[in-house]
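Observations on chain architecture
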Amino acid sequence: MLARLAWPLGMLFLSSCATVDHAVTAAPAVPAKPAAASHPIAGIEHTVRKGETLWRISRMYQTDLEEILRANSIPDSTVISVGQKIVIPTETSKAVSLEDPQTSADTDFIWPLEGPVLVSFKQKKDGVLNKGVDIQTRSDQKVCASGDGVVDFVGTLPGYGTTIIVDHAGNISTVYAGPTTALVTKGQQVPQGTVLAKITPSSGKQKEALHFEVRNRHRPQNPLYYLK
């Protein structure tokens, strides 16, 4: 797999993409489990509210997302649910509980396009664990920047095809790969929702997909922890 991936088109295409609530139907997820009782974690208890992602919660408390995963023994292939209790470690938390979850809404990421998820995170694909999610595409769909950032790479990579990598704040990067025509260049600033590429026409013989990854310090993450 790739040791490094890079990414973020201009405002000309910004109006072409928008946040889509529940745009992609992912494979059934296993509910996250609370931390083991034998090793209680000191921290702030947070109740997950509608629309919150683990990424948003980590920003609310200024705590590294991976610290929250460890503190709650949440496997990285599961997702959280509304009403779930999550412990925010006090040794890493720098903020008190926020009453308004919309306070950190600008840190959320959006789906790059609409479509059902064909291969989920860490689901086996050709005998290899998937490092992102594969989203079914339609001809002439537009691929949008999941968040504000700078395009770090545009090119073709073995096993990935046409690939665009966008660097975001907080050591986060997103990868967009598949049957696309790139519409951005390396070094370009791209606001969230900017059109990065266009899906090329399919042969119709099989389902085409966009491979999408979220990486934290170059380590693959479950995209569902970040996407709203």
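Below: a short report on this structure. This structure is a prediction, so every number in the text was calculated from the model and none was measured.

1. Considerations on the overall build of the chain
Secondary structure summary: the chain contains 2 helices and 15 strands in total. Here the chain, with 228 residues, has 46% of them falling under the buried criterion. For the chain, the accessible surface area stands at approximately 11100 Å², while carbon and sulfur atoms represent 54% of it.

2. A word on the side chain of Ser 58
Its place among the elements puts Ser 58 in helix α1 (residues 54-60). Here the side chain of Ser 58 touches Trp 55 through a polar contact of 2.7 Å, landing on its backbone oxygen. Apart from the residues lying within four places of it in its own chain, the contact partners of Ser 58 are Thr 63, Asp 64, Leu 65 and Ile 68.

3. Digging into the sheet that holds strand β11 (residues 180-182)
Pairing is antiparallel across the open sheet formed by 3 strands, whose spatial order is β7-β13-β11. Of all the strands in the sheet, the pair left with one neighbour each is β7 (142-144) and β11. Strand-to-strand twist of the sheet, defined as the mean angle between neighbouring strand axes without regard to direction, takes the value 30°. The sheet contact formed by β11 and strand β13 (residues 195-199) spans 3 bridges and is antiparallel. What sits directly across from Ala 182, in β13, is Ala 197.

Calculation notes
Residues numbered from 1 in each chain as written. Predicted model: local features only at pLDDT ≥ 70, side-chain atom pairs only at ≥ 80, totals over all residues. Heavy atoms only, no water. Helix = DSSP H or I, 4+ residues; strand = E, 2+ residues; numbered from the N terminus. Buried < 20%, exposed > 50% of the residue type's maximum accessible area, 1.4 Å probe, protein only. Areas by Shrake-Rupley, 256 points an atom, 1.4 Å probe, with all protein chains shown as cover. Polar contact = N/O pair within 3.5 Å; in protein donor to acceptor, adjacent residues only side chain to side chain. Contact = heavy atoms within 4.5 Å. Pairing = 2+ DSSP bridges. Axes fitted to C-alpha atoms, helices over the stretch in contact; angles between N-to-C directions.

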